[in-house]
Amino acid sequence: MQNDVVKLAPSILAANFARLGAHVAEADLAGADRIHVDVMDGHFVPNIAIGAPIVQSLRPLTQLKLETHLMISDPDVFLDEFDRAGSDTFLVHWEGNNNLHRTVQRIRSLGKRAGVVINPATPADVLVEILPDVDQVLVMTVNPGFGHQHFLHSTLPKVRRVAEMIRQIKPGCELAVDGGIDETTAPLAVDAGANVLVAGSSIFAANESVAAAMDRLRAAISRVVS
Ligand code: DX5
Ligand code: ZN
């Protein structure tokens, strides 16, 4: 795998919200592939974070795609609002969605990219039927709801399985990981087959600039890619 095909998706959950625009601009300048926006409703996950007005405020500040990770109980209700605000991609969870195919079709009908997310305890097999319809799979490497958590190493075999499923069913579909990604865990995830790394605290809450933090991640990844 080539280093330049591993994409960094900084998650603004770990940013200083009083400096959000500046943080996003720094990530943009440092070569982020996209900006990951975590939306939480206090119900699907035990935390509240980020609504459509934040997406709307960020939209004019960057050309980067705004990838919206919906950790909310009824994503269909909010798709139009985030669409109008400027989201480019919607990542929706398999868990708790009785009509995932319909949700994915609605995202497509808005002309947006669609991704499906699975939690640590959810098996890879649930992806088989939906994989042909999505552009991206996101394997959670922590339980969703909070930043700054420890990477769950038990998710790595699943990342490998999903990578193999993608090769067989939907070559070209992106495989992202989210949670606890830093210079130690990023190479493990890439070695398992991930080609998009979502990272919050290791980019925005590091004791260095956003650019330096992203360089550090890239350097770590380069040890496992050729
Ligand atoms: C967790 C979110 C993540 C979070 C990752 O529920 O989906 O995107 O921002 O944060 P870190 O990189 O700090 O684990
Ligand atoms: Zn996320």
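Refer to the structure printed above.
Residues numbered from 1 in each chain as written. Chains lettered and ligands numbered in written order. Predicted model: local features only at pLDDT ≥ 70, side-chain atom pairs only at ≥ 80, totals over all residues. Heavy atoms only, no water.

Participant: Explain the site of ligand 1 here, please?
Facilitator: Ligand 1 sits among 20 residues. The nearest are Ser-11, Gly-145, Asp-178, Gly-200 and Ser-201. Separating an oxygen atom of ligand 1 from a side-chain N or O atom of Ser-201 is a distance of 2.6 Å. For ligand 1, the cavity whose grid points lie within 2 Å of the majority of its atoms is the largest pocket. Looking at the shell around ligand 1, the elements that each hand over two or more residues are strand E2 (34–41), strand E4 (65–71) and strand E9 (196–199). In terms of residue count, E2 provides more of the shell around ligand 1 than any other element does, three residues in total. Looking at the shell around ligand 1, its residues break down into eight nonpolar, ten polar and two charged. (Near = heavy atom within 4 Å. Polar contact = N/O pair within 3.5 Å; in protein donor to acceptor, adjacent residues only side chain to side chain. 1 Å grid on protein atoms, 1.4 Å probe; cavity = no way out; pocket = protein on both sides within 12 Å on 5 of 7 lines; lining within 4 Å. Sits in = over half its atoms within 2 Å of the grid points. Helix = DSSP H or I, 4+ residues; strand = E, 2+ residues; numbered from the N terminus. Nonpolar A, V, L, I, M, F, W, Y, C, P; charged D, E, K, R; others polar.)

Participant: Which parts of the structure should I look at to understand unusual backbone geometry?
Facilitator: Where the residue is not glycine, phi is negative for most of them; where a peptide bond is considered, it is trans in most cases. For Ile-50, which is not a glycine, the phi torsion comes out positive at approximately 60 degrees. Positive phi outside glycine occurs at His-148, with the angle close to 60 degrees. Take His-148: it is sitting in the loop between strand E7 (136–140) and helix H5 (156–169).

Participant: What should I look at first to understand the nonpolar core in this one?
Facilitator: The nonpolar side chains of soluble globular proteins are, as a tendency, buried together. If you look at the biggest cluster of nonpolar residues, it comprises 68 residues, and the most contacted ones within it are Ile-12, Val-137 and Leu-197. With six residues, the single largest contributor to this core is H5. Residues contacting Val-137, with those up to four places away along its chain left out, are Val-116, Leu-127, Leu-131, Val-162, Ile-166, Cys-173, Glu-174, Leu-175 and Ala-176. Grouped together as the second largest cluster of nonpolar side chains are nine residues, Leu-91, Leu-138, Ala-176 and Val-198 included. (Core = buried A, V, L, I, M, F, W, Y, C linked by side-chain atoms within 4.5 Å. Buried < 20%, exposed > 50% of the residue type's maximum accessible area, 1.4 Å probe, protein only. Contact = heavy atoms within 4.5 Å.)

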